[in-house]
Amino acid sequence: ALASYSSKIENHLKEMSECDQTCDALREELSRLQNVGIHVNPDARCAFTNKLVIDSGEPFYAFPSGYVVLESALEQEIFPHLNEKQRARVELIESELKRLRQSSNNRNRAAYDVAKDNFEIDELQN
């Protein structure tokens, strides 16, 4: 019995080590991607709606592949494929972003509060 437990422990340690290596690789990739800049042409169009993204007045996402997508179009495309928990999470993040954007537009706020809100917005968007 002791040998069996020892074998199971060894297997679990090996799995944990593999998971650690995978997580480290993912962290490195995310870190690298955070420093990637993407140039968006002034005539870039949403891949779903074909609207000009610069003139749309709404947030958009630019992908390393060159695709550019308006936030609302991307939302409409993915939302039907989410489960209830994922939808609730998206709605929570959207409401928090809206609240933070509105409060950051208040000109009478202290610089610290504005910086804190901008940090929170950045964290929610990543």
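Residues numbered from 1 in each chain as written. Predicted model: local features only at pLDDT ≥ 70, side-chain atom pairs only at ≥ 80, totals over all residues. Heavy atoms only, no water.

Topic: a nonpolar patch on the surface
- On the surface, Tyr5, Ile9, Leu13 and Met16 cluster together into a nonpolar patch covering about 440 Å² of accessible area.
- Its location among the elements puts Met16 in helix H1 (residues 2–34). (Patch = residues over 30% accessible without salt bridge, like charges linked within 9 Å, V, L, I, M, F, W, Y side chains within 5 Å. Areas by Shrake-Rupley, 256 points an atom, 1.4 Å probe, with all protein chains shown as cover. Salt bridge = Lys/Arg side-chain N within 4 Å of Asp/Glu carboxyl O. Helix = DSSP H or I, 4+ residues; strand = E, 2+ residues; numbered from the N terminus.)

Considering the nonpolar core
- Among the nonpolar cores identified, the biggest contains eight residues, and these are Ala44, Cys46, Val53, Val68, Val69, Leu70, Ala73 and Leu74.
- Only strand S2 (68–70) and helix H2 (71–78) provide two or more residues apiece to this core.
- The leading source of residues in this core is S2, at three residues.
- Here Ala44 is in contact with Lys51, Leu52, Val53 and Val68, once residues within four sequence places are set aside. (Core = buried A, V, L, I, M, F, W, Y, C linked by side-chain atoms within 4.5 Å. Buried < 20%, exposed > 50% of the residue type's maximum accessible area, 1.4 Å probe, protein only. Contact = heavy atoms within 4.5 Å.)

Regarding the state of the cysteines
- Scanning the entire structure with this criterion turns up zero disulfides.
- Unpaired in this structure, Cys19 has its nearest cysteine sulfur neighbour in Cys23, at a distance of 6.5 Å.
- A residue is classified by how much of its surface remains accessible, and Cys19, at 48% relative accessible area, is partly exposed. (Disulfide = S-S within 2.5 Å.)

What to know about unusual backbone geometry
- In the Ramachandran plot, Asn50 falls in the positive-phi region, its phi being about 65° despite a non-glycine side chain.
- Structurally, the position occupied by Asn50 is in the loop between H1 and strand S1 (60–62).

Some remarks on the pattern of salt bridges
- Taken as a whole and assessed by the stated rule, the structure comprises four salt bridges.
- Taking the shortest distance from any N to any O, the salt bridge between Asp24 and Arg27 comes out at 3.0 Å. With Asp24 and Arg27 both in helix H1 and three residues apart, this pair spans about one turn of that helix.
- Here Asp24 falls in the partly exposed class, since its relative accessible area comes to 41%.
- In this structure Arg27 comes out as exposed when scored by relative accessible area, which is 52%.
- A salt bridge links Glu29 to Arg32; the shortest N-O distance between them is 2.7 Å. Of the two residues, Glu29 and Arg32 are both situated in helix H1; the distance of three residues between them amounts to about one turn of the helix.

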